[in-house]
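# Coordinates in review
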Amino acid sequence: MAKRPVTAAASQAGRFDQYKIVVLVPCYNEEVAIAKVVKDFRAALPSAEIFVFDNNSTDNTAAAARTAGAEVFEEKHQGKGFVVRRMFTDVEADIYVLVDGDATYDAPSAPAMIERMLDQRLDMVVANRVDREVAAYRTGHRTGNWLLTAFVAEVFGPTFKDMLSGYRVFSRRFVKSFPVLSGGFEIETELTIHALELGLAVAEIDTPYYARPQGSASKLNTWSDGFRILRTIVKLYRTERPLPFFGTIGLALAIASIGFAIPVVTTYLETGLVPRLPTAILSTGLMIVAVLSGAIGLVLDTVTRGRREMKLLAYLGHRAPGEERRRP
């Protein structure tokens, strides 16, 4: 009997069977959408385990997820960042798929994202959202995403087109070396900057983006969440780039000090008097603070380099994608 040809889909599924793949779904009040998310990812990745982490939902999200066939866990600390921290800490796998539970992301794109990660031995693949409906991507969110992405690119170097995408695939070594510090929706920003800071191998794939199912409401607020993300970027810049951060402050104070000092020094050279004593004291104080700011930047820069080396060592302690522990 002639052998049946092996299709590309079957070959791909067979390759994925060699690895433990998990789909991680953080949820808060997604009763309407979560069953569809579980069903779609079960069809797209038959060998994957699907874990739904319920974050104090007040509706029947957890019950709907269990009925759909997912394993459900609870995280009592409110905020997506806390949920992701729990996921990355508790779940052991070779490949991690992180996706929101609002049924707006395209499950059939997951195999292509995983394939890209394995073929190129990447540590993170981000889904660049290409909206299929006008209601899928609000203008305010699109503009805010563009502004924040441009800011991060300016500060930390070239970044992704869709920095705030909630649909990503990670290698094990990325997940286990990532110190989750944020507690809310700014987690996507932190994931992006972690990859940029360590110079990790990453990629971005265009994927369809859909409107929420009828009866489902977004938890995002364009202005408040945008300001929270911007505040996170500034905090991370202070932490990861202390020398330019405090150096810029010191330079600004030094310039102000010199500006105040010029008329005082000019008057002293002409008359031998210092009639503006408060201005002279202010100028001196500003220069002292400027020098201290520069010194703080130098000290923290050394500390930051040490922290970065520790994160890199933790990252290097795990095998590259494609060489992880095989499933038994």
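Before any of the text, the structure's been laid out above.
Now for a look at the structure at hand. These figures come from a predicted structure and were not determined experimentally.

Glancing now at the overall build of the protein chain. On a plain count of helices and strands, the protein chain comes out with 11 helices and seven strands. Going through the 328 residues of the protein chain one by one, you find that 45% of them count as buried. By element, 61% of the accessible surface of the protein chain is carried by carbon and sulfur atoms, the whole surface being about 16,600 Å².

Bringing unusual backbone geometry into the picture now. Excluding glycine, residues mostly carry a negative phi; peptide bonds, for their part, are mostly trans. With a phi angle near 55°, Asn-29 is a residue other than glycine that sits in the positive phi range. Looking at where Asn-29 falls in the secondary structure, it is placed in the loop between β1 (21-27) and α2 (34-44).

Take His-194: it is sitting in helix α8 (residues 187-198). The exposure class of His-194 is buried, given its relative accessible area of 5%. The contact partners of His-194, leaving out residues within four places of it in the chain, are Phe-174, Ser-177, Phe-178, Pro-179, Leu-200 and Lys-311.

This part is about the sheet that holds strand β3 (residues 71-74). Whenever strands of a sheet pair, they do so through backbone hydrogen bonds, lying parallel or antiparallel. Read across the sheet, seven strands follow the order β3-β2-β1-β4-β6-β5-β7 without closing on themselves; strand pairing throughout is mixed. Both outer strands of the open sheet, β3 and β7 (202-209), are each paired with one neighbouring strand and no more. Going from strand to strand, the sheet's axes swing by 20° on average, the running direction of each strand aside. Here strand β4 (residues 95-98) runs beside strand β6 (residues 168-171); their pairing, made up of four bridges, is antiparallel. For Ile-95, the partnering residue across the bridge sits in β6 and is Ser-171. The sheet strands contacting helix α4 (residues 80-90) are β1, β2 (49-54), β3, β4 and β6, and the helix crosses β1 at an angle near 155°.

Taken as a whole and judged by the stated rule, the model has 14 salt bridges. Residues Glu-188 and Lys-80 are paired through a salt bridge, measuring 2.4 Å at the closest nitrogen-oxygen approach. A residue pair is termed long-range when its members are at least 10 positions apart, and Glu-188 in helix α8 and Lys-80 in helix α4 qualify at 108 residues. One exposure class covers both Glu-188 and Lys-80, and it is buried. Here Arg-129 ties to Asp-162 by a salt bridge, and the two come within 2.7 Å at their closest N and O atoms. One end of the pair, Arg-129, is in strand β5 (residues 124-131); the other, Asp-162, is in the loop between α6 (139-156) and β6, and 33 residues separate them in sequence. Across this residue pair, the class does not change: Arg-129 and Asp-162 are buried. Salt bridges sharing common partners tie together Glu-75, Arg-86 and Asp-90.

All right, on to the packing of α8 against helix α11 (residues 277-316) then. As a packed pair, α8 and α11 sit with axes 11 Å apart at the nearest point and diverge in direction by 95°. The orientation of α8 with respect to α11, classified from their angle, is roughly perpendicular. Within the contact between the two elements, α8 uses His-194, Glu-197 and Leu-198 and α11 uses Arg-308, Lys-311 and Leu-312. Looking at the contact of α8 with α11, its residues break down into two nonpolar, one polar and three charged.

Together, Val-265, Tyr-268, Leu-269, Val-274, Leu-277 and Ile-281 give the surface a local cluster of nonpolar side chains, amounting to about 610 Å² of exposed area. Those elements that provide at least two residues to the nonpolar patch are α10 (242-271) and α11. Top contributing element to the nonpolar patch by residue count: α10, with three residues. Summarising the element assignment, Val-274 is placed in the loop between α10 and α11.

Calculation rules
- Residues numbered from 1 in each chain as written.
- Predicted model: local features only at pLDDT ≥ 70, side-chain atom pairs only at ≥ 80, totals over all residues.
- Heavy atoms only, no water.
- Helix = DSSP H or I, 4+ residues; strand = E, 2+ residues; numbered from the N terminus.
- Buried < 20%, exposed > 50% of the residue type's maximum accessible area, 1.4 Å probe, protein only.
- Areas by Shrake-Rupley, 256 points an atom, 1.4 Å probe, with all protein chains shown as cover.
- Contact = heavy atoms within 4.5 Å.
- Pairing = 2+ DSSP bridges.
- Axes fitted to C-alpha atoms, helices over the stretch in contact; angles between N-to-C directions.
- Salt bridge = Lys/Arg side-chain N within 4 Å of Asp/Glu carboxyl O.
- Parallel < 35°, antiparallel > 145°, perpendicular 65-115°, else oblique.
- Nonpolar A, V, L, I, M, F, W, Y, C, P; charged D, E, K, R; others polar.
- Patch = residues over 30% accessible without salt bridge, like charges linked within 9 Å, V, L, I, M, F, W, Y side chains within 5 Å.

Geometric values such as these leave the question of function open.
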